[in-house]
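# Tertiary structure, described
Read off the chains here:
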Amino acid sequence: MSTAVAQKKGFGAFMWDYLTTVDHKKIAHLYLVAGGLFFLLGGLEAMIIRIQLIKPDNEFISAGLYNEMITMHGTTMIFLAAMPLLFALMNAVVPLQIGARDVAFPFLNSLGFWLFFFGGLILNFSWFMGGAPDAGWTAYAPLSTTSPTHGVDFYVMGLQISGAGTLIGGINFLVTIVNMRAPGMSYMRMPLFTWTVFVTSTLILFAFPALTVGLFLMMFDRMFGSVFFDVASGGNVIIWEHLFWIFGHPEVYILILPVFGVFSEVFSTFSKKRLFGYSAMVFATVLIGFLGFMVWAHHMFTTGMGPVANSIFAVTTMAIAVPTGIKIFNWLFTMWGGTIRMTTAMLWSVAFIPTFTIGGMTGVMLAAAAADYQYHDTYFVVAHFHYVIVGGVVFGIFAALHYWWPKMFGKVLNEKLGKWAFWPFFIGFHLTFFIQHFLGLMGMPRRYWKFLDGQGLDTGNLISTIGAFFMALGVIIFLWNVIYTAMKEPKASADPFDGRTLEWSIPSPPPFYNFKQTPLVRGLDALWIEKSEGKKAMTPAEPLGDIHMPYGSIIPFVMSFGLFIAGFGFIYQVDNPVWLSLVFIGMGITLGSMFVRSVKDDLGYHIHKEDLEKGDGQV
Amino acid sequence: MKGWMGKFRALFLLGSLSLILSGCGVDKVSALKPEGYGAELLYDLMILSIAIMIFVFIVVMAIYTFVLIRYRQKKGQEDYIPKQTEGNKMLEIIWTVIPIILLLVLAVPTVTAVFDLAEESSDEADIRIDVTSAQFWWQFDYAGEEISTSQDLYIPKGERVYLTMKSADVIHSFWVPSIAGKIDTNPGDNENTMYLEATEEGVYWGQCTELCGPSHSLMDFRVVVVSPEEYEQWVSDMQNADPEAEPETEVAQEGKEIFENNCLSCHAIGSQPKGVGPNLTNFGDRAKVAGILEPTKENIVNWILHPNEIKPGNTMPPNLVNEEEAGKVAEYLMQLKPSEVTPESAQ
C-alpha cells in the first residue's frame, strides 16, 4: 500500500504528493480515506442514538443534543460518507474500465475532492462552535430558519461548498465517459458499472442545482434577512420541502445506481458468466434515473398536497419498482447456470439481494399514498431507507472494496477476515432494522428523543440497539482487515479474480499513466473476449508513443481553503459585521487562485516512448 | 370494512396475516389495532400490499435459494467455463409484465383510499374542529360550539369529525394511529384537513410526527372518544363553564388569585380568545399533565416550577412563582372540572 511509498519519500513529500495530486487513482484514495473517516463519525453518532433509545424514558443524552445527533448522522452519512465513498470507486475504476489514462478534467477532479472535504470540515466544526445543526438532515423550514444556534448555518455553508464539489465531480465523469472511451468501446459495450456512473452523473447534474437553490434561499433567510420561508411576511415553508426533495429523491438513486453497477460486475465475475440481459439492465438503469425525477413528492404525502397530487406521485413511485425488479431477476439469472465462487465480494452481493428486495417491497408499500398516512415519519420509514441505503449502498461499497481493493492498493483483502467482518455486520443489520418496521406500525414516530413506557416499544428498541453493536463489530473487523492486509498479504497479480473488464488487463495497482498503449475493445467484457481466445493481454489500438500527462497542482486545495475561510465569515457576520473581513479574505484567496490558474500556462509533460520501453512502465 | 375491500379480508391469507400483525402493539396506540374508519381502511390497504409483497419475496427467494445451492462452484470445476448466455426476451417480458399487473392491483385501492380520506365537510351540522399545533402542545377550537380546549380532544363515537389543521410556529404533524392516519400542520395559509371517525370508545394516544424541536418526542395528546350522548353533555358543560367561578377551598381560592396575577397573560380559562399557552378550562379532567405526566399535584407543581426540565425548549417561563404558590395554583387547577364527562367515562 501507500505506506511503502511514504517510507521512501518521507512524510512531508508524501503529504505534498496527495495535496497536489490530479491522478484519479490517488484522488480515489483521498475520497476513500475522507469518506471512511466520516463514515466512522456517522457510525459513532448512530451508536449514540441507539444507546439513547435502549430503554424507555432514557436520559443518556439531552433532547437538544439528540436532535443534533440525528441531524448530523443523516447529513454525514449521505453527503460525507456515502457520496465520497462512491466517488472513490468511480475515480478508482471508471477511467480504467473505459481504457482512459485519467478523467477528462484532472484539475477539476482534485478541486471537487477538496471542496467536498472542506465542506465536510465546516459542517463538523459546528460541534465545537456552539452546537451542530438540529433541524434534521432534511432541515425543514421554519424549524431550520428559526433554530437559535449557528448549527443550521454550518449545515447551509458546509453542504453548499461540498455540493459544489459533487456537481463538479458529476460533470467531470459525464465528460470522461462521453469522450474518453477506448477505441471500439461503444456505449453498448461499456461495463455496467460505467453505465451506472454515467446515469448517476447525469442525475447529479440535474438534481444538485435544486439543492443549491434551496440552500441559497435558506442562507439568505438566515444570514441576510430575506423572508422566503417566513410565513409572517408572505413566505412559504412548503417551497423548501419541494426544493429539498427535488434534489433529495434523485439523490437516493445517485447513491444506489453505482452500487447496482458494482453488483452487476461482481455477480458476473464470480459466476464466470456474462451479465444476463445486459441491454435490459442498461435500459432499466436509464429508466430508474428518469423516473427518479418524477417521484419526489412521495416524501410529502402528508404535507397536504391534495388527493390528485398524492395519487399521481403514488403511481409514478410504484412504477419504479418495475425496472428495479428487472434488475433483481437479471442478477439472479446471471448466477443461474454459472459457477459461483463465494468470495467476500460475492458474499456481500449475495446478501444484498434479499435485503434490497425487502427494502424495495417496503418502498412499494410506502408508495401506496394513503397507507403512507400511517407509515410516514415513523420507524417504518427509518427501517425502509436503512434497508435500501445500508442493505444496498453500504453492502455495495463493501462488495466493491473487496473486489477492487487489489486494483486500488495492490493487495487482495484477506478473505477470512473479510467473512468475519461480513457476518456480524449482516446479522446486526437485520437485528437493528427489521424490528423497526414493526416499531413504526406500533406507533413509534421517528426522530424521537425518548419513547415512553407503556406503548409496547421496549423490547423492539432493545433488540435494535443490540443489533447496532454487532454492526459496529463488523466495521471494526473490516478496519482490522485493512491494516492486516497492508502488513501481511502478498502483492496481488494484475487479474486476481479472473476479471472480465479492462481494469484487470493492467497491473495492480496500475502505473500512473494506466495504459501504456490504449487497448482496442472488441465487445462487451473486453478482457474476457481476449482471454477466451487464448490471448494474455489486450490488443493495443495505437503504437507505443509519448504519453501526455498533467502536472499536479496545489491550486485546487488553496481555492477550496479560501471558501472554507469565507464560510466562517458568512456564518459569523450575523453576530458582528467584523467577521465580513473573513468573507473578503476567503473569497480573495479563492478568486486569486482562480486568476492564477487562468493566466498560468500549465501544459503538462510527456513520458517519452523510450522511457516506457526501458522501464516497462516504471518511470 | 366496506365494499370490495371487505371481500379481500375474507381471503384466508390476508386473514391470517391480519391476525399475526394485530398481535403487535398496544391498544389505542398501534396502527395495527385499528379502531376507526381511516385506520381500518389503511390497515386493509397495508395487509393487501404486504400480501402482494410477500408473494414477490417468495418467488425471488425460491429462485435465489435454488441458484445458490445448484450453481455453487464444486470441486474440480475451477477451470469449467459456463455457457455465456446473453439474455432471454421471454423472461424479460414476464418479469416486466407481472410486476406491472401486481402494482395495478395495489394502485387502484390506493387511489380510491386517497380520495376517500380527502373528504371535506360539506354540511354546516358536521362537527368541525380547528386544530392548532405549537411547540409542544395542541389547541382544539370547536368551530360551531365556541369551545376551546387543549391536549385532550373530545369526539363522539361513530360520527365523522372534520379537522382543519394549522400551526402557530413550525411544522408539526397530527397522528392518532389507532383512529386515522396523519397530516402535517403547516404555518401560514397552507391549511390541511382530515377527518376522524372512531368506531370504539376510549382514550387514544396521539403524537406529533414531524420534527419540531427538542421536545418533539414529548408532544403527546389524547383523543377521548365518548358516546354521542356524553359528547353532547360535554359540549354543554364546557359551554356553561364559568371561568370566574370561585373555588370551594381556601387554598384553591388563593391559587386562583396567584394564577390570575402570573399565568393568565398566556393561559386562557373558558372560551375567551386563545392565549399563547394552552387553554386550561378543563385542566382537572385532563388525562395527563403537559401530555406526558400523571395528573398528580406533585407533577403539576414540578411542571410549574421547571417546565424546561420536563419539556426542553418549551416557552413557559420557569420559577414565576415559588414552590408554595405553585402548590396553591395546582390546587386551583386540579378543581377545574367543568364536566362530568372525563377520560374515565370513555373507558
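Residues numbered from 1 in each chain as written. Chains lettered and ligands numbered in written order. Predicted model: local features only at pLDDT ≥ 70, side-chain atom pairs only at ≥ 80, totals over all residues. Heavy atoms only, no water.

As a further point, take the sheet that holds strand 5 (residues 161-167) of chain B. Consider a sheet: its strands pair through backbone hydrogen bonds, and that pairing is either parallel or antiparallel. Residues and elements named next belong to chain B. In spatial order, the strands read 3-2-1-5-8; together these 5 strands make up an open sheet with mixed pairing. At either margin of the open sheet sits one strand with a lone partner, and together these are strand 3 (147-150) and strand 8 (192-196). The sheet shows a mean angle of 25° between the axes of neighbouring strands, taken without regard to direction. Here strand 2 (residues 137-142) runs beside strand 3; their pairing, made up of 4 bridges, is antiparallel. Counterpart to Phe 140 in the pairing with strand 3 is Thr 149. (Pairing = 2+ DSSP bridges. Helix = DSSP H or I, 4+ residues; strand = E, 2+ residues; numbered from the N terminus. Axes fitted to C-alpha atoms, helices over the stretch in contact; angles between N-to-C directions.)

Averaged over all residues, the pLDDT of chain B is 90; the fraction at 70 or higher stands at 93%. Ranking the elements of chain B by mean pLDDT puts helix 1 (residues 3-10) of chain B last, at 51, and strand 6 (residues 172-175) of chain B first, at 97. (pLDDT = per-residue confidence, 0-100.)

Residues and elements named next belong to chain B. Strand 5 sits mainly inside the fold: 5 of its 7 residues count as buried. Of the pairings in the sheet, the one linking strand 5 to strand 8 comprises 5 bridges and is antiparallel in character. Bridge assignment links Thr 164 to a residue of strand 8, and that residue is Thr 193. (Buried < 20%, exposed > 50% of the residue type's maximum accessible area, 1.4 Å probe, protein only.)

Residue and element names in this part refer to chain B. The mixed open sheet is built from 5 strands, whose spatial order is 4-10-9-6-7. The sheet is open, and its two borders are formed by strand 4 (152-156) and strand 7 (182-185), each paired with just one other strand. Ignoring which end each strand starts from, the neighbouring axes of this sheet average 25° apart. Sheet topology note: the strand 6/strand 7 ladder contains 4 bridges and is antiparallel. The residue bridging His 172 from the neighbouring strand is Thr 185, located in strand 7. Sheet strands in contact with helix 5 (residues 228-240) are strand 4 and strand 10 (221-226), and its direction is about 130° off that of strand 4. (Contact = heavy atoms within 4.5 Å.)

This part covers the side chain of Asn 124 of chain A. Residue and element names in this part refer to chain A. Looking at the secondary structure, you find Asn 124 in helix 5 (residues 106-125). Its relative accessible area of 7% is what places Asn 124 among the buried residues. Not counting chain neighbours up to four residues away, the residues in contact with Asn 124 comprise Phe 38, Leu 41, Glu 45, Met 72 and Leu 80.

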